[in-house]
Amino acid sequence: MRVLNCPVNAAMPDKGQLNIPLADIQAEDFGAHETIERGRSLARQDRWSELSRQMREADEARTCTPDGTPVAELLAFGARSDVVLAVEHALTDMNALCEYDVLCGISELEDEMRAHPDDSMIALVVALAHIDLAWAWRGTAADATLPPLHRSRCAAHFDRAAALLPKCRAAAPNSPMIAAAGCALLVGQRNTNLRVADEYERLITLDPHNQRHMRAMGTHLLPRYFGSYDELEVQALRNAARTQEIWGAGGYTWVQFDAIALDEEACARLDVEYFLEGLQDILRRRPDQPTVNMLSAYCAITIQNGLGLNENADLVRAQIHDAANWLIRDHLTELHPLIWAHAANGFNNSARVNSAERFAARGQRDALRAIRDLFREELRSGMDVTFTPSGLRLSQH
C-alpha cells in the first residue's frame, strides 16, 4: 500500500493536496489470475481429478474473490481457456480458421469427460466450454448477417451444453456453479418461453451472499433480453424480501444495479429512495474497501453513462450520483484503481483487459478526478484532504 500525493495545482502552492492510500494493483489482480492459471495448469497436466476436487470444494464453500467472482468458476475458466481462446483466435483470422481444426480441442475435453463419467465438475467444464464456443461462433454480427456456418455451429454448441447440464444438476443439485451455468445457457438460447427469473431465483437461493447473481438477473430481466420493466421491478422487490436478513434493502439495489445503468427507461422507473436505502444496507453488511470502492465508483462514474438521453432518468441519475458524496467522505479509506476502471465500462465483466497496469492507471485517473471534484471547495481553500484507515482528515495546507 502506498499513498498518492496529488497537488491540485503545483504552480499554486497555497492550494490544498489530496492524499489517499493506493491498493497494490498486482495484489488486487493476482488472486483471480493465479486461480485461472492454476486451472489451466491442472488441465494441461491432465490432473483432472485434482481440478475437479478443487472446483467442488470451492463451489461447496462458496469461495469468492473480493469482487464476488466464484473461485470455482475461475478454475473452470482456466481449465477450458486453451480450447476456447484457440477457437476465438481462429475465428478472427480466416487463414487461421482454414488451418485450425476448431473441433479438435473440444473433442479432447469430451474425451476427458468420458474418462470420468461420474464427475459432474469435469462435465461442467465441458458444458461451459460449449457455451463459450457458441458465443465465439455467434460473435457480434446481426442475426440477418450471421453466416449459415456460424449460425449452425453456435446452435450445435448450445444444444450440446443443454444436453450435458441436466446430468450435472442431477449429480450436484445444490451447486451454485451449475445453477449459474444453467442461467448462462438460457441467455444464449434466447427462448422466450423459459422462466429466466425462476432460474435466477433458484441460483440466488443457493448462493444469496453473492451479489453477482442478483445483478445478472436484473440485466436479463430487461426487455432487450427476456423480461419487462414491470417484471424487473417486481423481481427486485421479491429479491429484497427473500434476502432481507442478508442484505436488507440491498437485494433490491443489487437487482437494479446494472439494469438501470444499461437502460434509460428502467432507470426512469426506479424507486430511487429504496435503491439508496439499499446502498446503505449493503455497506452496513459489507463495509470492506472493495465494496466501498465499487459503490463509490458506480455512483460517481457508472450511473452518469447515458446522461442526457432521458429527462426522468437524469433526475434519478442525479440522486444516485449525489450518494458518491457520503460514500467517499464517510467510508472510503483507500483507492482500488481496477474497480474504478471497471466502473467506466459499466462493470462489464466480458471486457477484455490486455494490460492490467494501463487499465488500472485509467481507473486511478478517473477516481482522482471524481474525488477532486467532490472536494473542490476544500482544496481551493488550501485544505489538505487525507484519507486514513480511521477515516477522512481535513487539515490546513
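Since we're looking at a predicted model, the values are computed, not measured.

Rules behind the numbers
For every chain, the first residue of the written sequence is number 1, and numbering continues from 1 along that sequence. Side-chain atom pairs in this predicted model are given and counted only at pLDDT of 80 or more, local residue features only at pLDDT of at least 70, and totals for whole chains, interfaces and linings cover all residues. Heavy atoms throughout the structure, all of them, feed into the side-chain values; hydrogens and water do not. Runs of E in the DSSP output that reach at least two residues are strands. Runs of H or I that reach at least four are helices, and both are numbered from the N terminus. Within 3.5 Å is the distance limit for a polar contact, defined as a pair of N or O atoms, with the added protein rule that one can donate a hydrogen and the other accept it, and that residues adjacent in sequence qualify only through two side-chain atoms. Buried, partly exposed and exposed residues are distinguished by accessible area as a fraction of the type maximum, computed with a 1.4 Å probe on protein chains only: under 20%, between the cut-offs, and over 50%, respectively. Nonpolar cores are built from buried Ala, Val, Leu, Ile, Met, Phe, Trp, Tyr and Cys residues. Side-chain atoms within 4.5 Å join them into one set. Throughout, a contact is declared for two residues whenever any of their heavy atoms are within 4.5 Å. Aromatic contacts are taken between Phe, Tyr and Trp rings whose centres are within 6.5 Å, Trp giving its six-membered ring; a plane angle under 30 degrees counts as stacked, one over 60 as edge-to-face, and the others as tilted. As a rule, the C-alpha atoms of each element are fitted with a line to give its axis, helices using only the stretch in contact, and angles between N-to-C directions run from 0 to 180 degrees. Under this scheme an angle from 65 to 115 degrees is roughly perpendicular, one under 35 degrees roughly parallel, and one over 145 degrees roughly antiparallel; angles in between are oblique. Two helices crossing with the near one rotated counterclockwise from the far one by less than a right angle form a left-handed crossing, whereas a clockwise rotation gives a right-handed crossing. For this classification, Asp, Glu, Lys and Arg are treated as charged, while Ala, Val, Leu, Ile, Met, Phe, Trp, Tyr, Cys and Pro are nonpolar and the rest, including Gly, are polar. How sure the predictor is of each residue is captured by pLDDT, a score from 0 to 100.

1. What to know about the side chain of Arg 212
Secondary-structure assignment places Arg 212 in helix H10 (residues 211-220). There is a polar contact of 3.2 Å between the side chain of Arg 212 and the side chain of Thr 69.

2. Some remarks on unusual backbone geometry
If you check the backbone angles, Asp 46 has positive phi at about 60° while not being a glycine. Exposure remark for Asp 46: the relative accessible area of 54% places this residue in the exposed category. Phi at Arg 62 takes a positive value of approximately 55°, unusual for a residue other than glycine.

3. Details of the nonpolar core
Counting 68 residues, the largest nonpolar core has Ile 260, Phe 275, Tyr 298, Ile 320, Trp 340, Ile 371 and Phe 387 as its most contacted members. If we ignore the near neighbours within four places in the chain, the residues touching Ile 371 are Leu 18, Ile 20, Ile 328, Leu 332, Leu 335 and Phe 387. By size, the runner-up hydrophobic cluster in this structure holds 45 residues, among which are Met 55, Val 84, Met 113 and Ala 129.

4. Brief notes about the packing of aromatic side chains
For the structure shown, the criterion picks out seven aromatic pairs. Geometrically, the ring pair formed by Trp 247 and Trp 254 is edge-to-face, given 5.7 Å between the ring centres and 85° between the ring planes. Under the relative-accessibility criterion, Trp 254 is labelled buried at 1%. An aromatic cluster is built from Trp 247, Trp 254, Phe 257, Phe 275 and Tyr 298, whose rings are joined through pairwise contacts.

5. Things to note about the environment of Asp 207
When you line up the elements, Asp 207 lands in the loop between helix H9 (196-206) and H10. In this structure Asp 207 comes out as buried when scored by relative accessible area, which is 5%. Taking the C-alpha atoms as reference points, Asp 207 and Ala 179, separated by 28 residues in sequence, lie 9.8 Å from one another. With residues up to four places along the chain from it excluded, the contact list for Asp 207 reads Arg 62, Pro 176 and His 213.

6. Quick notes on the packing of helix H5 (residues 104-115) against helix H6 (residues 120-138)
Put simply, H5 and H6 touch, their axes get as near as 9 Å, and they point 160° apart. By the criterion of interaxial angle, the relationship of H5 to H6 is roughly antiparallel. Regarding H5 and H6, the two cross each other, and that crossing is left-handed. Judged by residue contacts, Ile 106, Leu 109, Glu 110, Glu 112 and Met 113 of H5 engage Ile 122, Ala 123, Val 126, Ala 129, His 130 and Leu 133 from H6. For the contact of H5 with H6, a count of residues per class yields eight nonpolar, one polar and two charged.

7. Focus: the side chain of Glu 112
Looking at the secondary structure, you find Glu 112 in helix H5. When residues no more than four places from it in sequence are discounted, the contact partners of Glu 112 are Asp 46, Trp 48 and Ile 122.

8. Observations regarding the confidence of the model for the chain
This prediction gives the chain a mean pLDDT of 90; 90% of its residues lie at or above 70. Note that pLDDT drops below 50 for residues 7-13; the model gives that stretch five contacts with residues more than four away or on any other chain.

9. Regarding the packing of helix H16 (residues 289-300) against helix H18 (residues 337-344)
Contact pair H16 / H18: the axes reach a minimum separation of 9 Å and the direction vectors enclose 30°. As the angle between them shows, H16 and H18 are arranged roughly parallel. The crossing of H16 and H18 is right-handed. Seen from H16, the contacting residues are Pro 290, Asn 293, Met 294, Ser 296, Ala 297 and Ala 300; seen from H18, they are Ile 339, Trp 340 and Ala 343. Split into classes, the residues belonging to the contact of H16 with H18 amount to seven nonpolar, two polar and no charged.

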